[in-house]
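A look at the structure
Chain by chain, the residues:
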Amino acid sequence: VLPMGDLLIHAGDFTNMGSLPELTRFAKWLDKVTPFYPLGTCIIAGNHDMSLDPDKNPEYYLLAQSILTSIPNVHYLNDSEVVINFEGRDWHIWGSPVTPAFCNWGFNRGRGRDIKKHWDLIPNNVNILITHGPPKGYRDSGLGCKDLLNAIEEKSELRLHVFGHLHNPYGSSKID
């Protein structure tokens, strides 16, 4: 059971291997739950969601994306932004599925210049950031991304960073 809220955010890995049948099952579930969130749903892919990665599946990643984006009020983010107005304020939400290279899964990039170019795309006025992987030093079991940490330290309007990828340690942290 999901808690009630204004906006549902999913930080990726909604499939095991990224097959279209898995993605379709997730999309059916998403179609059922999104109407309960007045502002909709923001989702990014994760390294397991390989059907959405153009490098891993150039023949059908557009079809995979269309399965998600055909659902009303679902915002699929892939190094992109959506602006959602809530109580008279525009919230800038930016998301990326990219993670440092890990076992040849989807959306993997080499550390350094290869991954930094994705983090350079994060707008300065971002309020909510959704990434699949964590920044270095935050619930990352030593696997976080230093370049992501450097990028978010510069974002003075950032109020929430949602990420997944690692199974432990999970939870939340409040940082001044």
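The written sequence of each chain sets the order in which its residues are numbered from 1. For this predicted model, a pLDDT threshold of at least 70 governs which residues receive local features, and a threshold of 80 or more governs which side-chain atom pairs are given and counted, while totals over whole chains, interfaces and linings are taken from all residues. In computing side-chain properties, one takes all heavy atoms of the structure into account and sets aside hydrogens as well as water.

Here we look at the packing of helix 1 (residues 20-33) against helix 2 (residues 61-69)
Operational definition: Note on method: axes are straight lines fitted to C-alpha atoms, helices fitted across the in-contact stretch only, with angles between N-to-C directions ranging 0 to 180 degrees. In this description a helix means any DSSP run of H or I spanning at least four residues, a strand means any run of E spanning at least two, and both kinds are numbered starting from the N terminus. Roughly parallel means an angle under 35 degrees; roughly antiparallel means over 145; roughly perpendicular covers 65 to 115; every other angle is labelled oblique. Each crossing is labelled by how the near helix is turned from the far one, with a counterclockwise turn of less than a right angle marking it left-handed and a clockwise turn marking it right-handed. Two residues form a contact once any of their heavy atoms are found within 4.5 Å.
Where helix 1 contacts helix 2, the two axes come as close as 9 Å, and the packing angle between them is 15°. Considering their axes alone, helix 1 and helix 2 lie roughly parallel with respect to each other. Between helix 1 and helix 2 lies a crossing of right-handed hand. Contacts between helix 1 and helix 2 involve L20, L23, T24, F26, A27 and L30 from the former and L63, A64, I67 and L68 from the latter.

Section: the pairing of strand 4 (residues 80-86)
It is a general feature of regular strands that their side chains alternate between the two faces of the sheet. Let me state the cut-off plainly: Only strands joined by at least two bridges in the DSSP assignment are considered to pair.
Bridge count between strand 4 and strand 5 (residues 89-96): seven bridges; the pairing is antiparallel. Bridging from a neighbouring strand, N85 pairs with D90 of strand 5. Where strand 4 folds back on strand 5, the antiparallel hairpin that results is connected by two residues, among which E87 adopts a positive phi of roughly 50°.

Overview of the side chain of H161
Which entries qualify depends on this criterion: Within 3.5 Å is the distance limit for a polar contact, defined as a pair of N or O atoms, with the added protein rule that one can donate a hydrogen and the other accept it, and that residues adjacent in sequence qualify only through two side-chain atoms.
Position of H161 relative to the elements: it lies in strand 9 (residues 160-163). In this structure the side chain of H161 is engaged in a polar contact, spanning 2.7 Å, whose partner is the side chain of T131. Residues in contact with H161, not counting those within four places in the same chain, are L129, T131, P135, L148 and I152.

Some words on the pairing of strand 8 (residues 128-131)
Under the convention used in this document: Any residue under 20% of the maximum accessible area for its type is buried, any over 50% is exposed, and the rest in between are partly exposed; the area is computed with a 1.4 Å probe on protein chains only.
Of the two faces of strand 8, both are covered, the one formed by I128 and I130 as well as the one formed by L129 and T131. Bridge count between strand 5 and strand 8: four bridges; the pairing is parallel. Note on strand 8: the bridge partner recorded for I93 is I128. Bridge analysis of strand 8 against strand 9 gives four bridges, and the strand direction is parallel.

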